[in-house]
Amino acid sequence: MYVLIVPASAPFVLLATVLGLSWWEDRILPSPPTEPTEALIANPFAPAASAQLVELPRVDTALTREVARR
C-alpha cells in the first residue's frame, strides 16, 4: 500500500516546494532597488549604434565578382 502512496504524493510535494520557494522569494529575499539608473532615465529607448543598411543587388543583376563583394 505504501508503494502506491509515494508516487501519488510526489506531485503534491513538488507543488508545495514550488509554492514555498515562491513565498520565500517574495517575503524573505531582498527586493531589487526601485529607482532606475540615471542612464535609463535620460533616454530609455536609445539604440546602441546606428545601423547601416547594405543595398542589395537587384534580382535581374548578373552575379559578378563586383556584385558578390558587396
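Residues numbered from 1 in each chain as written. Predicted model: local features only at pLDDT ≥ 70, side-chain atom pairs only at ≥ 80, totals over all residues. Heavy atoms only, no water.

### Describing the overall build of the protein
To keep things clear, this is the line we draw: In this description a helix means any DSSP run of H or I spanning at least four residues, a strand means any run of E spanning at least two, and both kinds are numbered starting from the N terminus. Type-normalised accessible area, obtained with a 1.4 Å probe on protein chains alone, sets the label of each residue: buried when under 20%, exposed when over 50%, and partly exposed for intermediate values. Each accessible area value is a Shrake-Rupley result obtained with a 1.4 Å probe; residue values ignore everything except the protein chains displayed when judging cover.
The helix and strand inventory of the protein stands at 3 helices and 0 strands. A total of 70 residues make up the protein; the buried ones form 1% of that total. Counting only carbon and sulfur atoms, one obtains 66% of the accessible surface of the protein, whose full area is about 7,400 Å².

### Comments concerning a nonpolar patch on the surface
Threshold: Distance thresholds for patches are 9 Å for like charges and 5 Å for nonpolar side chains (Val, Leu, Ile, Met, Phe, Trp, Tyr), applied to residues having over 30% relative accessible area and no salt bridge. By convention in these notes, a salt bridge is any Lys or Arg side-chain nitrogen within 4 Å of a carboxyl oxygen on Asp or Glu.
A contiguous nonpolar patch, built from Leu21, Trp23, Trp24, Ile28 and Leu29 and spanning about 520 Å² of accessible area, is present on the exposed surface. Structurally, the position occupied by leucine 29 is in the loop between α1 (2-27) and α2 (38-42). Relative accessible area serves as the criterion here: at 37%, leucine 29 is assigned to the partly exposed category.

### Side note on the confidence of the model for the protein
To be explicit about the condition: The predictor rates its confidence in each residue with pLDDT, a number between 0 and 100.
Per-residue confidence for the protein gives a mean pLDDT of 76, with 57% of residues at or over 70. Of all secondary-structure elements in the protein, the lowest mean pLDDT belongs to α2, at 58, while α1 reaches the highest, 92.

### Digging into α1
Let me state the cut-off plainly: An expected span of 1.5 Å times one less than the residue number is assigned to each helix. The quantity called bend is, for any residue, the angle between two axes fitted respectively to the seven residues ending at it and the seven beginning at it.
Here α1 is 26 residues long and its end C-alpha atoms lie 36 Å apart, about the 38 Å a rise of 1.5 Å per residue gives. The largest bend in α1 comes to about 40°, at alanine 10, with the proline proline 11 one to four residues further on. Judged by how many residues are buried, α1 sits mostly at the surface: 0 of 26 residues are covered.

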